[in-house]
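# Summary of structural features
The primary structure of each chain is shown beneath.
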Amino acid sequence: MRKNCWKPIALLLCAAMLLSSLGGCAKEKQPDSGTLSSLPGTSTPQGPVDAGSITIKKADMNTFTLGTENEPGGLDMTTQSTMGAMVAAKPIYETLIIMDGKTGEFLPCLATQWEWEDDLTLAVTLRDDVVFHNGEKMTAEDVKYTISRLNSGAVTASLYGSFDGPNSIVVDETHIKIKFSSACAPAISLLSSPGANIVCKSWVEQVGDNDFNRNPCGTGPFQFVEWVAGDHIKYQRFDSYWGDKPVYQNLVLKPITDMTARMIAVESASVDAVITLTPSFTQKLLNNQVEGVQLKYVPGTYIFWLAMGEKFEPFQDVRVREAIAHAIDMNQVAAASWGANCVVMDSLYPKPAWGYAPTDMWSYDPALAKDLLAQAGYPNGFDVTFAVSEATNPSNAAEVIQAMLKEVGINMSIEKYTAATWQTMTLGGTTDFSFGGLTISTADASQVVSHLNSGASQVTYRWNDPALDAMIASGMSELDEDKRAEVYQEIQSYVFEHVYDIPVLNTYCTLACRDYVQGLESDSRMLLDFASVSFIG
């Protein structure tokens, strides 16, 4: 039987991995951690910025504008998995529990306490002073409804499969017993992840699931105002928020897919901050060559891998999949895309996640790749189409891979799509070859492998392998931490033996903001704490 979970958990992040303050729910203000002067991961705190030293004065002190990498497909995190969606949903929603970005400790948010009654029952006490943006009070009925939605969400269904919303018990308005169909080792971590954002039952039922994706209603410090496709998403401060309220009124997210244009936007102060920097811009900031702009840099949990749809005939042969792994020099892929803003993966799991264990990866060996293709019956290679997001970095990475595969006889054509369309294609299995991309918002190995399950919603990523399904299920339900770690190492070995995934790189969370911006921090999941932002001058 598991006891209550107030203590820091050993299976999550250590303090060195996360350099930021925790984001989301109300808390004491944390000091600004400043900029980073060396990469990766070493920080030198910047002293307070004097108002007289500000290079460009902020014109509108009541609005914060962030330039983002892409436009999300929606704001319902049961159906979205892109970083753009996580960033855009963050101001609106909150979870029952949050994870402290410095210590890995689970802390109260919409829940004030929680305790395991047995391995299948988690008793949760809720705050009694929380209202949704439509004015309705949050109750245990909303929590039960939220948990029930996780089982059917296009993105959350496989990861939250052991959560039993329908059989969860509402005790009263502020108490609920969350039930599980089987033991779930990462349950608390999952409840702190954006997939478990608490939603308003009556609002979702009123607007319907489809409209809810673009017409959200949460409990967060900002409420949704408008979404002008291709231009911006606007929010305003929620004055009935239960916690510390933001000091500014309006929040605007502007998608700027062209990376160079995004860097120019923050240099010129046409936006207050941008996320996902070019390697060259990061270096310029490190060298103090961009006046009036601060750099924030933190190890991230966003991973990219090569996903090969099992319905595509050549990919059904493990020798072909192994040939592709040997045909690609991942260091060149990294250098041509994220550069210093990423690391080449040496594990199935990212370094900031529980379960990470480095291992030997496939060597870059084009001659061996050709031999494997010949053994598989493709001495002259084959043609394949690669679907990729139109964002600069993934597109650059795809072009390098295209050139390397051509050297071994594989003719790979590239088709570029918006991030939302690309996600829809991978979910529906309408692409044979693509990057898999995912922010490991739980910081747990279980989320990394959930897409490989035969019942996973991401059709392009999954594999029909009962043995792998059984291992994934075992990892989710094993409550002994040491045994659970062994399971995930077995999964890693098995996945690499069958070449179901080819890990590519793990990106860093990079952020640049004007020097008049204070308090803007991220954790390894790029969960920005918009409520803590303030301005100088």
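Residues numbered from 1 in each chain as written. Predicted model: local features only at pLDDT ≥ 70, side-chain atom pairs only at ≥ 80, totals over all residues. Heavy atoms only, no water.

## What to know about the overall build of the protein chain
From N to C terminus, the protein chain includes 14 helices and 19 strands. Entry remark: accessible area of the protein chain is about 19200 Å², with carbon and sulfur atoms responsible for 48%. (Helix = DSSP H or I, 4+ residues; strand = E, 2+ residues; numbered from the N terminus. Areas by Shrake-Rupley, 256 points an atom, 1.4 Å probe, with all protein chains shown as cover.)

## A closer look at unusual backbone geometry
Not every positive phi belongs to a glycine, and threonine 276 is a case in point at roughly 60°. Position of threonine 276 among the secondary structure elements: in the loop between β11 (273–275) and α6 (279–286). A positive phi angle is found at methionine 526, which is not glycine, with a value near 60°. The buried category is assigned to methionine 526, whose relative accessible area is 1%. (Buried < 20%, exposed > 50% of the residue type's maximum accessible area, 1.4 Å probe, protein only.)

## Focus on the pairing of strand β9 (residues 232–237)
Judged from the 6 bridges that link them, strand β8 (residues 222–228) and β9 form a sheet pairing that is antiparallel. Note on β9: the bridge partner recorded for glutamine 223 is glutamine 236. Where β8 hands over to β9, the hairpin turn is made up of 3 residues, of which glycine 230 adopts a positive phi near 80°. Inspection of the sheet shows β9 paired to strand β10 (residues 250–255) by 4 bridges, in the antiparallel sense. By the bridge assignment for β10, lysine 234 is matched with valine 252. (Pairing = 2+ DSSP bridges.)

## Quick word on the nonpolar core
Ranked by internal contacts, the top residues of the largest apolar core, which has 151 residues, are Phe64, Leu96, Ile324, Phe435 and Ile491. With 16 residues, the next largest nonpolar core counts Val271, Phe281, Leu286 and Leu295 among its residues. (Core = buried A, V, L, I, M, F, W, Y, C linked by side-chain atoms within 4.5 Å.)

## Side note on a negative patch on the surface
The grouping of Asp480, Glu481, Asp482, Glu486 and Glu490 at the surface amounts to a negative patch. Topologically, glutamate 481 is positioned in helix α14 (residues 481–498). (Patch = residues over 30% accessible without salt bridge, like charges linked within 9 Å, V, L, I, M, F, W, Y side chains within 5 Å. Salt bridge = Lys/Arg side-chain N within 4 Å of Asp/Glu carboxyl O. Lys, Arg positive; Asp, Glu negative; His and termini not counted. Charge placed at Lys NZ, Arg CZ, Asp CG, Glu CD.)

## Structural notes on the pattern of salt bridges
For the coordinates displayed, the defined rule picks out 12 salt bridges. Across the pair aspartate 272 and lysine 58 runs a salt bridge whose closest N-O atoms are separated by 3.0 Å. Remark: lysine 58 occurs in the segment before β1 (63–68) and aspartate 272 occurs in the loop between α5 (259–267) and β11; sequence separation between them is 214 residues. Overall, aspartate 272 belongs to the buried group, its relative accessible area being 4%. Look at lysine 58 and you get buried, because its relative accessible area is 12%. Across the salt bridge formed by aspartate 231 and lysine 254, the nearest N and O atoms sit 3.7 Å from each other. Here lysine 254 lies in strand β10 and aspartate 231 lies in the loop between β8 and β9, a separation of 23 residues in the sequence. Each of Asp76, Arg149 and Asp209 takes part in a single network of salt bridges with overlapping partners.

## Regarding the packing of helix α13 (residues 466–477) against α14
Direction vectors running N to C along α13 and α14 enclose 155°, while the axes themselves pass 9 Å from each other. Taken as axis vectors, α13 and α14 run roughly antiparallel relative to one another. For the pair α13 and α14, the sense of crossing is left-handed. Two secondary-structure elements touch here, α13 through Ala467, Leu468, Met471, Ile472, Ser474, Gly475 and Met476 and α14 through Arg484, Val487, Tyr488, Glu490, Ile491, Tyr494 and Val495. (Axes fitted to C-alpha atoms, helices over the stretch in contact; angles between N-to-C directions. Parallel < 35°, antiparallel > 145°, perpendicular 65-115°, else oblique. Left-handed = near helix turned anticlockwise from the far one by under 90°. Contact = heavy atoms within 4.5 Å.)

## Examining helix α2 (residues 140–150)
Within α2, 8 of the 11 residues are buried, which leaves the element mostly enclosed by the surrounding structure. Of all the residues in α2, the buried ones are Ala140, Asp142, Val143, Tyr145, Thr146, Ile147, Arg149 and Leu150. Where α2 is buried, its residues meet β5 (121–126), β6 (163–172), β7 (175–180), α3 (187–191) and α4 (201–212).

## As for the side chain of aspartate 329
Following the sequence through the fold, aspartate 329 ends up in the loop between α7 (318–327) and α8 (330–336). Although aspartate 329 is buried, it forms no salt bridge, and the closest oppositely charged side chain is lysine 370 at an N-O distance of 15 Å. A polar contact is formed between the side chain of aspartate 329 and the backbone nitrogen of asparagine 331, at a distance of 3.0 Å. (Polar contact = N/O pair within 3.5 Å; in protein donor to acceptor, adjacent residues only side chain to side chain.)

## Quick look at the sheet that holds strand β4 (residues 111–118)
Within the open sheet, the 4 strands sit side by side as β4-β5-β7-β6. Their pairing is antiparallel. Looking at strand neighbours, the two that pair on one side only are β4 and β6, the edges of this open sheet. Within the sheet, the average angular offset between the axes of one strand and its neighbour, ignoring direction, is 20°. Bridge analysis of β5 against β7 gives 5 bridges, and the strand direction is antiparallel. In the strand pairing of β7, threonine 121 is matched with lysine 179.

## Thoughts on α7
With 7 of its 10 residues buried, α7 lies for the most part within the structure. Restricting attention to buried positions, one finds in α7 the residues Val320, Arg321, Ala323, Ile324, Ala325, His326 and Ala327. Check the buried side of α7 and you find it contacts β12 (293–308), α9 (366–375), α10 (392–407), β16 (433–439), α14 and β17 (501–514). A side-chain oxygen of the first residue of α7 lies 2.8 Å from the backbone nitrogen of arginine 319; this N-cap is aspartate 317.

## Focus on the packing of aromatic side chains
A complete count under the given rule lists 27 aromatic pairs for this structure. Seen from their ring centres, tyrosine 248 and phenylalanine 535 are 5.6 Å apart, and the 55° between their planes marks the pair as tilted. With tyrosine 248 in the loop between β9 and β10 and phenylalanine 535 in strand β19 (residues 534–535), the pair connects residues that are 287 residues apart, well separated along the chain. Residues tyrosine 248 and phenylalanine 535 agree in their burial class; the two are buried. Put simply, the rings of Tyr302, Phe304, Phe312, Phe315, Trp338, Tyr378, Phe382, Phe386, Phe433 and Phe435 touch in pairs and so form one group of aromatic residues. One residue, lysine 58, lies across the ring of phenylalanine 535, its end atom 4.7 Å from the ring centre. (Phe/Tyr/Trp six-rings, centres within 6.5 Å; stacked < 30°, edge-to-face > 60°. Lys NZ or Arg CZ within 6 Å of the ring centre and 35° of its normal.)

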